[in-house]
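# A look at the structure
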Amino acid sequence: MFNKISNVSILAKFDFVLFILVGTITALGFVVLRSATASMNTGASIIRTQIISIILGAVICIVLALLDYQYFKYLGYIFYGLTLLLLIYVLFFGYGREVEGIGSNSWISISGFMFQPSEPAKIAYMMTVPALLVKLKDDFRISTLVLSILAAVIPIVLILLQSDLGTGTVFIVGLLAVVFIYGIKYRYLLIGGVFAVGAAALAWFYLLDDYQINRIKALINPMQDVEGIAYQTAKARIAIGSGKFSGSGLFEGLQSQQNGAIPVKESDFIYSVIGEELGFLGAVAVILLMTLILLWCLRIAMKTQDKYGAFMVTGLTSMLAFHFIENVGMNIGLLPVTGIPLPFISAGGSAMLMYFAAIGIIMSVSASSRSS
Amino acid sequence: MKVVEILKNRYFILIMVLVLCSIGMVIKLYDMQIVKGDEYSIISSKKVTHSFEIEAPRGLIYDKDGRLLAYNRESNDLYLTKAYTEDEELNAGLLMLCEILESNGDTYYRSLENYILRNPNVFNPNKSLEKIIEWQMDDELLNIPEKDVKNSAKELFAYLRKKFNVSDQYTYDEAFYIISMRYEILKNRWNYTTGGRIKVAADVSLETIGEISELRHLIKGVIVQKKMVREYGNVMDIAHVLGYVGNITAEELKDRPGYNGDDIIGKSGIELYYEDYLRGTDGHLQVEGDTEGRILQVLSGLGEEQGYNLRLSIDMDLQRVAMESLEKRISEIRSKYDGEANFGDAHAGAAVVIDVKTGEVLAMVSSPTYDPGWFIHNDEESIEKRLEVMFDSYGTPMFNRAIQGRYTPGSTYKPIVAIAALEAEELEYDSETLVLCDGKWTYDDWIYWCYEYREFGWTHGAITISKGLETSCNLVFHKLGLDAGIDNISKWAKAFGLDLKTGIDLNDEIAGIIANKEYKYLTFNEKWWSADTGQSSIGQLYNSFTPIEMAVYAAALANGGKRLVPYIVDEITDESGSIIYKAETRYEQIEWSEETKRVISEGMSSVTLDGTASKVFDDYPIAVAGKTGTAETGREADESSNGIFICYAPVDDPQIAIVTVIENGVWGSYTAPVAKDILSEYFGIWSELEWEKDYSIFIMEMEKERQPLAPALQ
């Protein structure tokens, strides 16, 4: 299989469709980000970080796309180990709870440059867990099962311990999708579901922080407390609604161009800026583009004959899909507020690199299935 | 396909979930944006968050008896917020605003006119062409590319007209108003946002506000914000002590973290020294309003807190008497022009009155003076221009002579020389020792003269030291000084703090200079001669002290050697009247013998009875100890000497000490009447002079109930 890949020219293997779709949404996102940060003091530095992240991300994406993803099976373990150490590190020395708008201690600050270890952890997780599952599928052993469960659960526990419910859910969704494709029987899923409901109830009463509960409560009745989190989501919804069919135009959004109206408008709530300034047209265009990208990725997973590739693509795609659905959902008031950004659009360095890395890996799988 | 088979293709299920989610989101968006879009738009236009600062009113300043000197008045400032998205509407609104302001004679910000004049339409001649080109290219402002830089104001004006979409229907004048305002917006465009605001006019008239509110539907986005601004009563007499306030400059901003660019700050006097107490704490407010700045709901905020109130030790009655007497005396001396000693050039002076028991400054005047109120009623540019003139011109009214002027003490230094001789252990001077004045004395090849002998041919004979003080015989003090030596004299002058800042609570105080070996060596790198000691002994040579130092010195002579730290602010209270700070009497004790004290006291008392100031204090009901001083300035050929007088009273139980100085005041005794008037006011003895007592310090009952918010027009 390795040999076959090398026989086909690079250009023929390269998944241009996916690359162009991602490029389009990134470009659109960058334009919106310019508008969203125009009124902010920190606007210029946000834009600078974003430009660097996009360029770096594109490079990482292309490099990964050209690599043979089979290496990740083994490299993944090392990468996984490293990210696990970082996740333990942030648990004790993490940073962010005291910063407004972050809410969880999930950041590491290295001489002013901040990044979230949970972002590389997503990639490492999706390199490693599928590899173990493939092993399990080929040769079912209890030891492998135990190892797989540990590898799948430990990062989730560590992230939930950081009080980062949103990111934890990203991992859970990715894991579920992989396990689903693995072919787990529906009755196990049902049993798992019952346990999950029980766990959720426990979490509600014992594990979740007040601010997390408030966010969920705010979803149920957003107009209730004007000062708090619901007020912010209300502002976001007002902004989107007032965009009407074609929007106010970039740099002209009444809510988008204020400071302190739409919360974290450069990141978590950038979709509200899209809704207000680009209207229904722009908001639907983003949904359409994201859906196309995700469908294209699932198509790659379906087409590949290699189980490892299929699991990995499914897992990464599900993570991206969850990001997308959760972010748009919270912007339009369908889902509770979490700090999950909108892929390829929200400002943010480490997240941006993670999306591009995921796309790079998916493209690598795509390339190998094309050559076979 | 059977359902079971569909479920078997698990990818298909994932795809279905994704597509259904996407469809669900699109449906929700359709509902929000298409169905309820108009509804949300209306809500949105009323959900604009405006955040702004509320500048705290400054603390009030009272005199000793609670008369209000500095207070606050309500004023209205105009701000613009971004309410328009179309240039046409904005331009029409701005023009209307300018016309209202112009018709009511209100000033507003017109920084464009720093570069282009309206009539004639030329570049501002005060700015060099390079500056104007630089300004045109400034990327924060007009950002005109180098090749397109305009060489004439008319071309630039045409360019701006186009840039700001000012339609041809407007006349030239109208277009200028619009462009001028648009330029203000451009300059502050980072704050000219929805919910943001920029200031375009300060302290506008109520007529303007009325007209704007009537035309509200045509002039959108104008916000009126109330603010308390400094106002002074009739305070010209106390200008130098009180000081004044003004807009913070870029330089001051650097040294003062926590200030904003448009804050008001104390510039001099008490207003500057106690800035931190007077300033108060600014409040801020976050409100929800419409795009035009109308407040609909207060979201959060912090009320402003007025600054602390100060009570001065200055007694305004005494202060006014001191100033009026000083100015009256100066003009009297001028009118006595004789071309020999008096060249009619007396023009300035200072007086300080100090409580000898506490160190309170009861009066401190410096003439000529200025009106602090002028500085708060004029714009920055005129203030800058005026300050240049006021600092440079003859008479420099901005200068507080009482703490910043150094004057040669002349004979007022003689008590120190007497103390030095009396206290020197190696010498045997006492109250009975006679010193011979035989008119003329040669020492170290230097001839010393008695002034009276040289002028009138008579001598004082053998007299005691206290008699020496009374007659102020130079020869006696030359002898005493040369006997005691310069080191002794200098030691005693230092003991009275004459080369130190007194530590009064005012900025920019300077220290005096004592003539001694150290000073001569350090300044001129020259050796000290006995002739220098001779000159120093009669308060000449390098000796020069500030009036406040002299006042502390006179007070120490009066109170048995307590060198006080003078102060002006007696008490600081908060709005509820609780005391934040209370001044305390601080001093250093000078050790000297009772006999010396008696000699000085006797000598100085007889100055006003039989001595150099006896004519002034003829039959005065209170015993006053004084000493006149006529300080040669070295330009006696065509300039009068400076006149100085120090005194304290009553002699038995001294209460106040006074220093009066008149520049080119001819004789020390000429300045003594000022001190006498002050004493008469203090002790309530008025004979020949009638002062109007009913002068009005403008007292305002401050409205305690202030509006906590600064709402836009209702």
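One structure accompanies this document, and this report is about it.

Conventions we followed
Residues numbered from 1 in each chain as written. Chains lettered and ligands numbered in written order. Predicted model: local features only at pLDDT ≥ 70, side-chain atom pairs only at ≥ 80, totals over all residues. Heavy atoms only, no water. Helix = DSSP H or I, 4+ residues; strand = E, 2+ residues; numbered from the N terminus. Buried < 20%, exposed > 50% of the residue type's maximum accessible area, 1.4 Å probe, protein only. Contact = heavy atoms within 4.5 Å. Areas by Shrake-Rupley, 256 points an atom, 1.4 Å probe, with all protein chains shown as cover. Phe/Tyr/Trp six-rings, centres within 6.5 Å; stacked < 30°, edge-to-face > 60°. Core = buried A, V, L, I, M, F, W, Y, C linked by side-chain atoms within 4.5 Å. Salt bridge = Lys/Arg side-chain N within 4 Å of Asp/Glu carboxyl O. Pairing = 2+ DSSP bridges. Axes fitted to C-alpha atoms, helices over the stretch in contact; angles between N-to-C directions.

### Quick look at the overall build of chain A
Each helix and strand in chain A was counted, giving 14 helices and 2 strands. Here chain A holds 372 residues, and 55% of them are scored as buried. Across chain A, the fraction of contacts at a sequence separation of at least 24, relative to all contacts at a separation of at least 6, is 71%. Of the roughly 15,900 Å² of accessible surface on chain A, 70% is carried by carbon and sulfur atoms.

### Focus: the packing of aromatic side chains
Residues and elements named next belong to chain B. In total, this model carries 34 aromatic pairs over all chains according to the counting rule given. Look at Tyr-172 and Phe-176: their rings are 6.2 Å apart centre to centre, the planes differ by 50°, and that puts the pair in the tilted class. With Tyr-172 and Phe-176 both in helix H7 (residues 172-187) and 4 residues apart, the pair spans about one turn of that helix. Considering the side-chain rings of Tyr-682 and Phe-683, the 4.9 Å spacing of their centres and the 85° angle between planes classify their relative orientation as edge-to-face. For Tyr-682, a relative accessible area of 29% corresponds to the partly exposed category.

### As for the nonpolar core
Tyr-125 and Tyr-271 of chain A are the most contacted members of the largest nonpolar core, which has 111 residues in total. Per-element accounting of this core gives the leading share, 18 residues, to helix H12 (residues 270-303) of chain A. Counting 95 residues, the second largest nonpolar core, distinct from the first, contains Val-361, Ala-421, Cys-437 and Ile-463 of chain B.

### Section: the pattern of salt bridges
Two side chains carrying opposite charge are able to pair once their charged atoms lie near each other. For the structure on display, the rule yields 50 salt bridges over all chains. Two residues, Asp-139 of chain A and Arg-141 of chain A, come together in a salt bridge whose shortest N-O distance is 3.1 Å. With a relative accessible area of 36%, Asp-139 of chain A lands in the partly exposed category. Three or more residues are tied together by salt bridges with common partners; here these are Asp-63, Asp-65, Arg-67, Asp-315 and Asp-317 of chain B.

### Looking at the sheet that holds strand S22 (residues 642-649) of chain B
Residue and element names in this part refer to chain B. Spatially, 5 strands are ordered S12-S11-S23-S22-S21 in an open sheet, and the strand pairing comes out antiparallel. Looking along the sheet, the strands with just one partner apiece sit at the ends: strand S12 (361-367) and strand S21 (625-631). Strand after strand, the sheet turns through a mean of 5° between neighbouring axes, direction not considered. Pairing between S22 and strand S23 (residues 656-663): 7 bridges, direction antiparallel. Of the residues in S23, the one forming a bridge with Gly-643 is Ile-662. Here helix H24 (residues 547-558) sits on the sheet in contact with strand S11 (348-355), S12, S22 and S23, set at roughly 35° to S22.

Such coordinate-based values are descriptive only and should not be taken to indicate function.
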